[in-house]
Amino acid sequence: MTAATDSICDAGSPAGIRQRSYHAFLQRLAESATARDWWSAVILTAASKAQAELYREQIRYRSERGYLPRNVSWHIVPDSGSAPEGRHIGSGGATLRALQVLDKSDPAWWSRHRVLVIHAGGESKRLPEYSLTGKLFGILPERTPWGAHSTVFDETLALSTLWLEHFSGGLTVSSGDVVLTFNAADLDWDRPGVAGAAIRQPMEAGTRHGIYVLDERGRVYSFLQKPTPGQVRAAGGVLPGDVSSNADNAEVALDTGLLHFDAPLSAGLSHLDSTLAEIPFLDLYQHFTLSLTGELPCALPELAALLHGAAFHCSLVEGTFTHVGTTSHFRRLFQGGVVDSILAPGSQLGPGALAIECHCPSPVRVGAGGIAHGLTDGLDKASAGPISVAEDTVMHQVPVHLPDGRRGFVVRTYGVEDDPKTPVWFGRPILEVLKTLNLDPDEVWPGIPEPARCLWNAQLFLFNNDAPPRLSLATSTGYADREALASARDRRRDANWRASAVALARSETDVRPLLIHAPGINALVETGRTLGTEAVELEAGAPSVAASRHFQSSLFYGQAGLAEESVRERDAAFSAVQKAVAARLGGAGAF
């Protein structure tokens, strides 16, 4: 169920919550009289200046089309700030860095304003498919009400619209790699201090994330990061009332990544960042939370003093937690299919296979569980036949712009189950694979010490698939050609629109409402040309259908401003009508 669906869902179900959230969000976009007050500012954190620029482009794209609320301050803040690129300051440090752009340390201001910080500064090492866009803007298997593929960013903005009913001011921090669909009525964030949100989940899920340990009033007395089941039980982290507390399916309060700071603490954090000569590395979900519980006061004395004695509560909510974490998660999320792609005739996808953001002139054949991502032209030059992706394999084509000025592409291949943070490639120790390929490890990892060597930084993938230099997942991400990516996106959009337009024309549907939403003149002209060519081929055997195609072709040319071509197609349509009438009358002087 998507937000664009007209059906009414159970209000408490995930689909119903999403539907209500988007309804409230659309009211805000339309500036309806019944629209709720919204965020005063939304701040996205980024790992680098290059990633920050990509995020700005995404914000501009949505803003120009009216997909973002007006009268909201939008900020993109790279972790590095004015410091050298590549310096990591953690989610806590990034929170302080984000507050610098607001420069608001007055509690009275914070009591009247609500600010959302979305942490999106990860490199997406375990999900390289999203390393170019960041997980925040990687597409999801849902559609927005305006028909676009949704993202974690779009879902968070819509879903957070309902959260806003349950607190009046302060700072809210969210994670950019999860979609949180829960009943916002369960939030109690107008209490003093810091408030989190946890979703009831099985123990197995909790041990891969964070777990709140709560008392019956929601007060937090311990916060566990990726604990073992034994550690959870020892800390009292199994939720009360769970009769299966000693079983593997015990339930816990899984951390959603949401933290809300009241107005005085928000002002205090904003003042703190202005006093620091340099922001140190701080983990929001370790240094902040453990200071709040008193388990481990933060090494930064100013922060420890600010958080000391602050109330720390957590709302236990009912809903779903969708984590976009790894390639295997990514595949399970989509469950196979064709997403934002134009595939050539003869393409085949095996069970559970996925083609995403592809626009390839050659047939693509993807084995069971495989992923074809971003495949465009260039690959077909190496082979006259179809492009094949083996089962449970990712083939990801990335346009790159090298420091020496050369532009081309790199094809990144790895196993769906591979974790690029480890030295494993296609499920085998990478050193074994390198030996088979006769590649020297010191050339694959130049200047990288052995303990730091992994798939992410292994220089394995040839430029243009056949020439040096070899690039790694890391360097190909850094050299990604943003202009080429944007151009490819526009070509896919045009091609999808043309395909829809031709399909509507062939079904004899009135295409005029579609014309005003054309993505550009080129798409209009190409569609007019396609329909005109089809019409000529139909004139001998089906003149009535040919007349319709010619007339529709004239509409597309006319919308593109090509009056001469439009008139020519209208004349051809009239001529085809004459032939059709003459044929029905036996050709005896119909006109």
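Let us look at the structure shown here. Every value quoted in this text rests on a predicted model; they were computed, and no experiment measured them. In every chain, residue numbers begin from 1 and rise along the written sequence. Owing to the predicted nature of the model, reporting of local features is limited to residues with pLDDT of at least 70; listing and counting of side-chain atom pairs is limited to 80 or more, with chain, interface and lining totals taken over all residues. Side-chain measures were taken over the full set of non-hydrogen atoms in the model, leaving aside hydrogen atoms and water.

**Quick word on the overall build of the protein chain**
Logical step 1: Every helix listed is a DSSP run of H or I at least four residues long, and every strand listed is a run of E at least two residues long, numbered separately from the N terminus. Tallying secondary structure elements over the protein chain gives 19 helices and 27 strands in all.
Logical step 2: Atoms counted for the radius of gyration: C-alpha only. Globule rule: 2.2 Å times the number of residues to the power 0.38. Taken over the C-alpha trace, the protein chain has a radius of gyration of 28 Å; the compact-globule value for 591 residues is 25 Å, and the two agree within 12%.
Logical step 3: Here the C-alpha coordinates of the protein chain stretch approximately 100 × 70 × 50 Å along the principal axes.
Logical step 4: The buried label goes to any residue with under 20% of its type's maximum accessible area, the exposed label to any with over 50%, and the partly exposed label to all in between, with areas taken from a 1.4 Å probe on protein chains only. Sorting the 591 residues of the protein chain into buried and exposed places 51% on the buried side.
Logical step 5: Contact criterion: two residues are considered in contact whenever any of their non-hydrogen atoms come within 4.5 Å of each other. A separation of at least 24 residues holds for 61% of the contacts in the protein chain among residues at least 6 apart in sequence.
Logical step 6: Accessible surface, the protein chain: about 25,900 Å² in total, of which carbon and sulfur atoms supply 52%.
Logical step 7: Residues scored as positive are Lys and Arg, those scored as negative are Asp and Glu, and His as well as the terminal groups of each chain are ignored. In this description, the location of a charge corresponds to atom NZ of lysine, CZ of arginine, CG of aspartate or CD of glutamate. Separation between the mean location of the 52 positive side-chain charges and that of the 65 negative ones in the protein chain comes to 3 Å. Only the protein chains shown count as cover for residues, and the accessible areas themselves come from Shrake-Rupley with a 1.4 Å probe.

**Focus on empty space enclosed by the protein**
Logical step 1: Cavities and pockets are found on a 1 Å grid laid over the protein atoms alone: a cavity is a set of points where a 1.4 Å probe fits but cannot escape, a pocket is an open set with protein on both sides within 12 Å along at least five of seven lines, and a lining residue has an atom within 4 Å of such a point. Grid points are joined across faces, edges and corners, and a volume is the space filled by probe spheres set on the points. Throughout the structure, instances matching the rule amount to one cavity of 30 Å³ or more.
Logical step 2: The computed volume of the largest cavity comes to approximately 30 Å³.
Logical step 3: What lines the largest cavity is simply Thr156, Leu159, Trp163, Ser174, Val178 and Leu180.
Logical step 4: Mapped onto the lining of the largest cavity, the elements with two or more residues apiece are α5 (152-163) and β7 (178-182).
Logical step 5: The element that contributes the greatest number of residues to the lining of the largest cavity is α5, accounting for three residues.
Logical step 6: Only Asp, Glu, Lys and Arg are considered charged, only Ala, Val, Leu, Ile, Met, Phe, Trp, Tyr, Cys and Pro nonpolar, and every remaining residue, Gly among them, polar. Across the lining of the largest cavity, the residue classes tally to four nonpolar, two polar and no charged.

**A short note on the packing of helix α18 (residues 543-559) against helix α19 (residues 563-584)**
Logical step 1: For helices, the fitted line uses only the C-alpha atoms of the stretch in contact; every axis is such a line through C-alpha atoms, and the angle between N-to-C directions lies from 0 to 180 degrees. Look at α18 against α19: their axes get within 8 Å of each other, and the N-to-C directions meet at 165°. With respect to each other, α18 and α19 are oriented roughly antiparallel. Crossing of α18 over α19 shows left-handed handedness. Between α18 and α19, the residues in contact are Pro543, Ser544, Ala546, Ala547, His550, Phe551, Ser553, Ser554, Leu555, Tyr557 and Gly558 and Glu565, Ser566, Arg568, Glu569, Arg570, Ala572, Ala573, Ala576, Val577, Lys579, Ala580 and Arg584, respectively.
Logical step 2: Residue composition of the contact of α18 with α19, by class: 11 nonpolar, six polar and six charged. Convention used here: angles under 35 degrees read as roughly parallel, angles over 145 as roughly antiparallel, angles from 65 to 115 as roughly perpendicular, and any remaining angle as oblique. For a crossing to be left-handed, the near helix must be turned anticlockwise from the far one by less than a right angle; the clockwise case is right-handed.

**Examining the packing of aromatic side chains**
Logical step 1: Classification of ring pairs uses Phe, Tyr and Trp, with its six-membered ring standing for Trp, and accepts pairs whose centres are within 6.5 Å; under 30 degrees between planes counts as stacked, over 60 as edge-to-face, and the remaining range as tilted. Summed over the entire model, instances satisfying the criterion amount to 20 aromatic pairs.
Logical step 2: Measuring from ring centre to ring centre gives 6.0 Å for Tyr212 and Phe312, while their planes differ by 65°; the resulting arrangement is edge-to-face. Here the residue Tyr212 occupies a position in strand β9 (residues 210-214), and Phe312 occupies one in strand β12 (residues 312-317), the gap between them amounting to 100 residues.
Logical step 3: Given the relative accessible area of 1%, Tyr212 is considered buried.
Logical step 4: One aromatic cluster is present, formed by Tyr22, Phe25, Trp38, Tyr55, Tyr67, Trp74, Phe137, Trp146 and Phe153 through successive ring pairs.
Logical step 5: Only Lys NZ and Arg CZ are tested; either one counts as a charge over a ring when it is within 6 Å of the ring centre and within 35 degrees of the ring normal. Lying across the ring of Tyr61, Arg65 places its NZ or CZ 3.6 Å from the centre.
Logical step 6: For Arg489, the ring lying beneath its charged end belongs to Tyr61, and the centroid distance is 4.9 Å.

**Brief notes about the environment of Gly218**
Logical step 1: Here Gly218 is to be found in the loop between β9 and β10 (220-225).
Logical step 2: For the pair formed by Gly218 and Asp188, sequence separation is 30 residues and the distance between their alpha carbons is 9.7 Å.
Logical step 3: Among all residues touching Gly218, those that are not within four sequence positions of it are Phe312, His313 and Cys314.

**What about the pattern of salt bridges?**
Logical step 1: Think of a salt bridge as a Lys or Arg side-chain nitrogen and an Asp or Glu carboxyl oxygen that are within 4 Å of each other. Within this structure, the stated rule accounts for 32 salt bridges.
Logical step 2: We note a salt bridge from Glu432 to Arg428, for which the minimum N-O separation is 3.9 Å.
Logical step 3: Measuring nitrogen to oxygen at the nearest pair gives 3.2 Å for the salt bridge that ties Asp494 to Arg493.
Logical step 4: Taking relative accessible area as the criterion, Asp494 reaches 14% and is therefore assigned buried.
Logical step 5: Classification of Arg493 as partly exposed rests on a relative accessible area of 30%.
Logical step 6: Three or more residues joined by partner-sharing salt bridges are found here, namely Glu57, Arg489, Asp490, Arg493 and Asp494.

**Some points on the nonpolar core**
Among soluble globular proteins, nonpolar side chains are generally buried collectively.
Logical step 1: In these notes, a set of buried Ala, Val, Leu, Ile, Met, Phe, Trp, Tyr and Cys residues joined through side-chain atoms within 4.5 Å is what counts as a nonpolar core. Core analysis: the largest hydrophobic core is formed by 82 residues, its most contacted members being Leu44, Phe153 and Leu460.
Logical step 2: Residues contacting Leu44, with those up to four places away along its chain left out, are Tyr55, Ile59, His75, Ile76, Val77, Ile118, Leu136, Phe137 and Phe153.
Logical step 3: Membership of the second largest hydrophobic core comes to 45 residues, among which are Trp109, Ala263, Phe288 and Leu292.

**A short note on helix α11 (residues 327-334)**
Note that an α-helix has 3.6 residues per turn; residues three or four places apart therefore point the same way.
Logical step 1: Every buried residue of α11 is accounted for by Thr327, Ser328, Phe330, Arg331 and Phe334. On an axial view of α11, the arc spanned by its buried residues comes to 155°, and they lie on one face.
Logical step 2: Taken together, the buried residues of α11 touch β4 (139-143), β14 (337-339), β17 (354-356), β20 (371-373), β22 (393-401) and β23 (407-415).
Logical step 3: Backbone geometry just after α11 places Gln335 at a positive phi near 60°. Arc, as used here, means the arc of the directions from the helix axis to the C-beta atoms.

**Digging into the environment of Gly309**
Logical step 1: Here Gly309 lies in the loop between α10 (301-307) and β12.
Logical step 2: When its relative accessible area of 73% is taken as the criterion, Gly309 is described as exposed.
Logical step 3: It is 28 Å that separates the C-alpha atoms of Gly309 and Ser40, two residues lying 269 residues apart in sequence.

**Structural notes on helix α1 (residues 14-29)**
Logical step 1: Expected span of a helix: the number of residues minus one, times 1.5 Å. With 16 residues, α1 extends 22 Å from end C-alpha to end C-alpha; this agrees with the ideal 22 Å at 1.5 Å per step.
Logical step 2: Every buried residue of α1 is accounted for by Gly16, Ile17, Arg18, Gln19, Ser21, Tyr22, Ala24, Phe25, Gln27, Arg28 and Leu29.
Logical step 3: Close packing links the buried residues of α1 with β4, β5 (149-151), α5 and β7.
Logical step 4: Just past α1, the residue Glu31 takes up positive phi, approximately 55°.

Worth remembering: the numbers are spatial, not functional.
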